[in-house]
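Structural characterization, general
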Amino acid sequence: ELKEIVFVIQSQSNSFHSKRAEDLKRDILNQAADLGKELPTVLLTHQMDRHEGAWTILPLMKDFSVTYGRNSSWVFFCEEDTRIQVIKLLEILGRFDWSKEWFLGKALYDEESTIIHHYAFAENPTVFKFPDFAAGWALSIPLVNKLAKKLKSEPLKSDFTIDLKHEIALYIWQKGEGPHLTPVPEFCTDDVNSYKVNYCATTFSNFLPLCGEPVKKEDVFVAVKTCRKFHGDRIPVVKQTWEREAALIEYYSDYEDISIPTVDLGIPNTDRGHCGKTFAILERFLNHTSPRTPWLVIVDDDTLISIFRLRKLLSCYDPNEPVFLGERYGYGLGTGGYSYITGGGGMVFSRIAVQKLLASKCRCYSMDAPDDMVLGMCFSGLGIPITHSPLFHQARPMDYPKDYLAHQIPVSFHKHWNIDPVKVYFTWLAPNTEESHNGRKVGYNREDL
């Protein structure tokens, strides 16, 4: 029965995202009403805010077990852009005996072991499957009850939440003792206009959202963090690739080099975190740029980014809200903790977010503290939620499953390690797939990378 399915939309409190999640909730309930069925429960994770880590799902298991453990069969999770054919979903879940432990989803796997997953299954990473959240995924109630019980006796040990879909699958797998992910081919990430749509219970339509005209080039100020030792190898890559997309860009270093040019912030380079440098950039943005520039982006000198695509994405956000946007990680969320935007993929701030941050007394506990984590802690203390976009990436394209990247138009990647960064930029991020490069047309095949 439809009323025995609990739908959980992995939502966010930012106004753009919460509206999309509410629209999806309405769509699910309308479909249920059209079928003449008793309405299911539809929950939005951002409204379960007694859990700072509600987005990491596992802390919610106890509540799910207590509230729905007796009169439900399935908990079905999806993203705000997942589209669901409710009648088809009912039919597919009906194929599985809900009284047993089931973990269902569209299977992703690593083709090679990767730093994001701490080189798990190094011998053969393809053996471990984890769900693509965009296609939706489901847990049977017996498995929810088991996880709730396990979490009670064994709280989550990991300090960091880096790739949630992999970490949840790993927790459920329990070193081989728990259920593996069962692939469901009808959980799809094809676009709603795909020829496969009649076969799919779920589809996924969001490649790169655009909510009107892209924001103007002059509305985005780009700050590149660098240091003297990387002036010779990393900065030329920025200049060959995405610098031309930025109208307002400054390079911040520990050394003034007029040929780039760099700005010496008077803060020595550190081998660890760059908190001191980042806060100096925030102060400079507030005090030395036009108050009419609503957006600040801070990137590393080895971040590859499409400012062109970022301007499209930013059309969906209200610069009058405190926005802190990028790829979300978590720290210590099992025991309180906080979420943060990981720096390598790029951190985007609305001016008002910077104003609120600097008006507070929250600052670096040391100059070489990790800047992204300190910012997460500060914004958490201010009650300003971070906003996650899966289009920012802390690692290189080959560190992600091909199937996962296939339904994205990425905004950024990070690190030059063992790759040709110029080639990666023109393959994945350039405004056109074929871009004039040094007067020549180049077009690369993603499969080669």
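Residues numbered from 1 in each chain as written. Predicted model: local features only at pLDDT ≥ 70, side-chain atom pairs only at ≥ 80, totals over all residues. Heavy atoms only, no water.

Relative orientation of the contacting elements helix H7 (residues 275–288) and helix H9 (residues 351–359) amounts to 115°, with a least axis distance of 10 Å. When you trace H7 past H9, the crossing you get is left-handed. For the pair formed by H7 and H9, the contact residues are Phe279, Leu282, Glu283, Phe285 and Leu286 on the first element and Arg351, Val354, Gln355, Leu357 and Leu358 on the second. Its residues assigned to classes, the contact of H7 with H9 shows seven nonpolar, one polar and two charged. (Axes fitted to C-alpha atoms, helices over the stretch in contact; angles between N-to-C directions. Helix = DSSP H or I, 4+ residues; strand = E, 2+ residues; numbered from the N terminus. Left-handed = near helix turned anticlockwise from the far one by under 90°. Contact = heavy atoms within 4.5 Å. Nonpolar A, V, L, I, M, F, W, Y, C, P; charged D, E, K, R; others polar.)

Further remarks concern unusual backbone geometry. Geometrically, the link from Ile260 to Pro261 is a cis peptide bond, its omega value of -10° lying close to zero. Within the secondary structure layout, Pro261 lies in the loop between strand S13 (248–253) and strand S14 (262–264). In this structure, Lys175 takes a positive phi of about 55° despite not being glycine.

Our next topic: the environment of Cys378. Turning to its location among the elements, Cys378 is positioned in helix H10 (residues 371–381). Overall, Cys378 belongs to the buried group, its relative accessible area being 2%. Remark: the alpha-carbon pair of Cys378 and Cys364, spanning 14 residues in sequence, is separated by 9.4 Å. Residues contacting Cys378, with those up to four places away along its chain left out, are Phe279, Leu357, Cys362 and Arg363. (Buried < 20%, exposed > 50% of the residue type's maximum accessible area, 1.4 Å probe, protein only.)

Helix-helix packing is described using two parameters, namely the angle between the two axes and the distance between the axes. Following both chains from N to C, one finds H7 and H10 inclined at 60°, their axes separated by 8 Å at the closest point. With respect to H10, the axis of H7 lies oblique. In contact with Cys275, Thr278, Phe279 and Leu282 of H7, H10 contributes Asp371, Val374, Leu375 and Cys378. Residue composition of the contact of H7 with H10, grouped by class: six nonpolar, one polar and one charged. (Parallel < 35°, antiparallel > 145°, perpendicular 65-115°, else oblique.)

Right, let's talk about the nonpolar core for a bit. If you look at the biggest cluster of nonpolar residues, it comprises 84 residues, and the most contacted ones within it are Met61, Phe64, Leu139 and Leu310. Dropping the residues within four chain positions of it, Phe64 is found in contact with Val8, Leu43, Met48, Gly69, Val75, Phe77 and Val144. (Core = buried A, V, L, I, M, F, W, Y, C linked by side-chain atoms within 4.5 Å.)

Let us now look at the packing of aromatic side chains. With the rule as written, the count across this model stands at 23 aromatic pairs. For the ring pair Phe64 and Phe77, a centre distance of 6.1 Å and an interplane angle of 55° mean the geometry is tilted. Placement of Phe64 in helix H2 (residues 61–68) and of Phe77 in strand S3 (residues 74–79) is noted, with a sequence separation of 13 residues between them. Pair check on accessibility: Phe64 and Phe77 agree, each one buried. (Phe/Tyr/Trp six-rings, centres within 6.5 Å; stacked < 30°, edge-to-face > 60°.)

Below, the discussion takes up the sheet that holds strand S15 (residues 295–300). A sheet is described by the order of its strands in space; here seven strands give the open sequence S14-S13-S12-S15-S20-S17-S21, paired in mixed fashion. In the strand order of this sheet, the two ends are held by S14 and strand S21 (387–388), each with one partner. Here S15 runs beside strand S20 (residues 347–350); their pairing, made up of four bridges, is antiparallel. Looking at the pairing, Val297 lines up with Val348 of S20. Contacts from H7 reach strand S12 (220–225), S13, S14, S15 and S20 within the one sheet, and its direction differs from that of S15 by about 155°. (Pairing = 2+ DSSP bridges.)

Moving on, we come to the confidence of the model for the protein. The predicted model of the protein averages 93 in pLDDT, with 95% of residues at 70 or higher. Confidence drops under pLDDT 50 across residues 433–444; counting only partners more than four residues distant or on other chains, this segment forms 21 contacts. (pLDDT = per-residue confidence, 0-100.)

A few words on the domain arrangement of the protein. Domains assigned within the protein are domain 1 (2–204) and domain 2 (217–429). Using C-alpha coordinates to define each centre, domain 1 is positioned 30 Å away from domain 2. Contacts between domain 1 and domain 2 engage 29 residues on the former and 31 residues on the latter. Contact with domain 2 buries area across many residues of domain 1, yet Gln12, Glu52 and Trp55 alone supply 21% of it, more than any other trio. Connecting domain 1 to domain 2 are two salt bridges. Counting every contact that joins domain 1 to domain 2 gives nine residue pairs in polar contact (both at pLDDT 80 or more). Listing elements by their share of the side of domain 1 that touches domain 2, those giving two or more residues are helix H1 (15–34) and strand S9 (160–161). The biggest single contributor to the side of domain 1 that touches domain 2 is H1, with three residues. Of the residues belonging to the side of domain 1 that touches domain 2, the class tally is eleven nonpolar, ten polar and eight charged. (Domains from an automatic or database assignment. Buried area = accessible area lost by both parts, 1.4 Å probe. Salt bridge = Lys/Arg side-chain N within 4 Å of Asp/Glu carboxyl O. Polar contact = N/O pair within 3.5 Å; in protein donor to acceptor, adjacent residues only side chain to side chain.)

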